[in-house]
Every structure is written in C-alpha cells, then in structure tokens.
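Each chain, letter by letter, is given below.
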Amino acid sequence: MLIVADENIPLLDEFFGDIGEIRRVAGRSMTAGDVRDADVLLVRSVTRVNRELLDGSRVRFVGTATIGTDHVDLDWLERQGIRFSAAPGCNANSVAEYVLSVLSLYAEKRGLDDWSQLTVGIVGVGNVGGELARRLKRLGFDVRLCDPPRAESEDQGSAFVTLAQAMKCDVVTLHTPLTRQGSHPTFHMVGQQALDGLGESQLLINSGRGEVIDSAALLTRLGRGHAPTVALDVWEQEPRVDPGLLDQVWLATPHIAGYSLEGKVQGTEMIYRALSRSLGLPVRKTANQFLPEPALSTLSFTRSASEVEATRIALRAGYDPRRDDTRFRHAMTGSVEERAAAFDRLRRHYPVRRENSSLEIRFEGADKALRDRFQAMGFKLTS
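Residues numbered from 1 in each chain as written. Predicted model: local features only at pLDDT ≥ 70, side-chain atom pairs only at ≥ 80, totals over all residues. Heavy atoms only, no water.

## Considerations on the overall build of the chain
Step number 1: Assigned secondary structure in the chain consists of 16 helices and 14 strands.
Step number 2: Here the chain has a C-alpha radius of gyration of 21 Å; the compact-globule value for 383 residues is 21 Å, and the two agree.
Step number 3: Seen through its principal axes, the chain has C-alpha atoms that stretch 60 × 50 × 50 Å.
Step number 4: Taking all 383 residues of the chain together, 53% fall into the buried category.
Step number 5: When contacts within the chain are restricted to residue pairs at least 6 apart in sequence, those whose partners lie at least 24 apart make up 61%.
Step number 6: Working note: accessible area of the chain is about 17,200 Å², and carbon and sulfur atoms make up 45% of it.
Step number 7: Where the 48 positive side-chain charges of the chain centre and where its 51 negative ones centre are 2 Å apart. (Helix = DSSP H or I, 4+ residues; strand = E, 2+ residues; numbered from the N terminus. Rg over C-alpha atoms; globule rule 2.2 N^0.38 Å. Buried < 20%, exposed > 50% of the residue type's maximum accessible area, 1.4 Å probe, protein only. Contact = heavy atoms within 4.5 Å. Areas by Shrake-Rupley, 256 points an atom, 1.4 Å probe, with all protein chains shown as cover. Lys, Arg positive; Asp, Glu negative; His and termini not counted. Charge placed at Lys NZ, Arg CZ, Asp CG, Glu CD.)

## Overview of helix 10 (residues 215–222)
Step number 1: Buried within helix 10 we find A217, L218, R221 and L222. Down the axis, helix 10 shows its buried residues gathered within 135° of arc, on one side only.
Step number 2: Among the residues of helix 10, the N-terminal cap falls to D214, whose side-chain oxygen and the backbone nitrogen of A216 are separated by 3.2 Å. (Arc of directions from axis to C-beta. Polar contact = N/O pair within 3.5 Å; in protein donor to acceptor, adjacent residues only side chain to side chain.)

## Thoughts on the pairing of strand 4 (residues 61–64)
Step number 1: Neither face of strand 4 is left uncovered, since the one carrying F61 and G63 and the one carrying V62 and T64 both have all their residues buried.
Step number 2: Pairing geometry for strand 3 (residues 40–43) and strand 4, over 4 bridges, is parallel. When the bridges of strand 4 are listed, L42 appears paired with G63.
Step number 3: Pairing between strand 4 and strand 5 (residues 83–85): 3 bridges, direction parallel. Within strand 5, the position partnered with V62 by the bridge is F84.
Step number 4: Read as a crossover between parallel neighbours, the route from strand 4 over helix 4 (residues 74–79) to strand 5 is right-handed. (Pairing = 2+ DSSP bridges. Right-handed = clockwise from strand over helix to strand, strands pointing away.)

## A few points about the nonpolar core
Step number 1: W115, L136, I361, F374 and F379 are the most contacted members of the largest nonpolar core, which has 49 residues in total.
Step number 2: Examining the composition of this core, we find that 10 residues originate from one element, helix 5 (residues 92–110), more than from any other.
Step number 3: The contacts of W115, once residues within four sequence positions are left out, are L100, L103, S104, A107, L139, F141, T311, L315 and M377.
Step number 4: Judged by nonpolar contacts, the second largest core, of 30 residues, contains M167, V172, A194 and A342. (Core = buried A, V, L, I, M, F, W, Y, C linked by side-chain atoms within 4.5 Å.)

## Brief notes about helix 5
Step number 1: Given a rise of 1.5 Å per residue, 19 residues ought to cover 27 Å, and the 27 Å separating the end C-alpha atoms of helix 5 matches this to within 8%.
Step number 2: The buried count for helix 5 comes to 15 of 19 residues, which makes it a mostly enclosed element.
Step number 3: Among the residues trailing helix 5, G111 stands out with phi positive, at a value near 75°. (Expected span 1.5 Å × (residues − 1).)

Structure (structure tokens):
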C-alpha cells in the first residue's frame, strides 16, 4: 500500500510506517502525478483535494490532519466512493491559547490590569470557538457567542447574538469555517459595513480563515482615523500576503495559531485512527506516546507575585506571539513569489511550540480562585 502524504504532517513514520510505504510530497505543490499510484492520501489545508488532483488515481482514502475541510471537494469524493476523514478539534486548545496570549498582550497595551474587563465576541462557536468560550467564561470574561447556523438549529438559540451585536464587543475573534453557499456564507462576512462599525477601542482577531474578512476593505479601514487594532493569523490569498495589509496590522502571524506540537500530533493521530478503522486494523498508537519532554516544564511563583504578573509571565512562557510576528515581518521581503515561498518556509520550519498543559505551575500560598484561573488557561498545577 502506498501512502502519499504532505511532508509537514508530523510523525508519519511512527503512525503509518507499518501500514504502508510513505511518500512525502510538498503539500502546496502536490500534483495529480504525485498521487496517481497512491492508495491513501494524507494532506493539510494547503492542498486542494478535488477531481483535478485525484481523477484516475487509485486513492480510496483521504485524510486531512486539519479541522477545516474547505480545501476538499467532499461531494466529489463521496460520488467516487472515496472515504474521507478530517481532524475536527485537534488544534482547538492551541488556537484558544493563541487567542489568550493575544488578549494578554492587548490588555497590557490598553493598560488594563484586569483583562476580564474586556467583552469578547466569539464568531463561530464550533470546536475552537467553543473551547475558547469555555476558558474565557471560567476566567470571568463577558462572552457573546455568534453562530447563526447553531442559533437556528438549537433549542438554545437565544444564547447567541447576531454578528452586528458581536462586533460591538471590545474584542471580536473569528473562528468560522470558510463557506460560500447556504443561508449563512462566511466568505467576506466581515466586509466594509462591519469594519466601518469598529472603532479604535476594539480589537479584531482572525485565526479562522483569511477570506472571512474582506482584506481590501480592511486595508481601507485601517488607513482611516480611529481604526481598530487588528491581529491576523490568516490571510486572503495565502501564501501571497498583501504587504500593505501586513504593515497596517498590530500583530501578524503566518497561519500558525493551531501549530502547537500537541495540536499537530493529535491531528495525525485522528487520521491514523480513521484510516485504521477503514482498513479494519487495530488502533494501537496515541499521540502521548510520541510527545517529547518540553524544554520548559515548571514555573514557580512566590507569594510576592501578583496575579496579573503571574498570568502574563506564564502565558508568554508558554507562547508569545510577538516572536512569530517578528519572524514573519522580517521574512516578507522580495518579490511576490519570494514572499510566498518565505510564508511557506515559516510554517514548514515552525519551531516547536508546546501547549500550556505541558507546563506545571507552582504557587506559594495560592488561593482556590487563583488556582482555578490558571487551570482555566490550561496549565497543570501542583497540589
């Protein structure tokens, strides 16, 4: 059995080596010739999986080690009888922790000691948005949930607000899939009208899909007075990022919000499980078998550390997005194609980033409320 896989999927040999021969291919440039003699195709979000890629091939199973599926023509796969699996929720913790770190930096930028004063509108309440909402509520934030499809289909529809209402929050964070059809398409969902309503006291975060924001309208809005603060992890027309937009946003990262080691390895495990079930093979491997010891395993705080100080230190010890912002901006030089290649290199050679759960926090004399808040951020606490 031949397995063709995106070279950026981690632990391919460990999970799939005893199932078949593995051929690694660059995901962005994968062609029909690369997969023609494959039985199994494993991809990430940069590969378009459709008739053009697979027609005439032997592929009978496609797995994407990502939560999103907008890069896959699911209808065509179903018509061809090709089994498919994604990895929903695999990087929910990673993206939620990315947003927490951005919120911490923003609160400091605003001079807020109590970051939970910020109201947060979460647009798209699936695996990622739901995980973020749970954490923020435990931390005391006032959270407004916007998810029109869920609001229509669930009995608790009143728990959701409209997009216009969500866009009035101090912080608006986007976690929707990219859809172009149906009653609630998300393509350019945040356009000129929504952007014009945002003011200088607001933060807009997008770590979902770049095309959800009309980037031309965003660039225009950022060029006018009283503009909002913007943090973008995803971009229209990736990997060809608009350098003008990059210059205007406060925080810029190259589509890596979900790139924790735990998130990536869990994505691999989920498609391994799906392929094993499809082939009738036993599932014997888990992500935890392969996670290495973290470079930083313990942080200790004395009684003199304030909650604000401890929170900032811990979050940034786990992940500080400013490092990715700096690398990204330095890499975006040269021609359009050179910048696109640099964008992909940043993702391909992304440094190991661990989730908060890999870091143990020790406190001297911490009360239950403080311990609860650190657990809500995902850290392990010593007893």
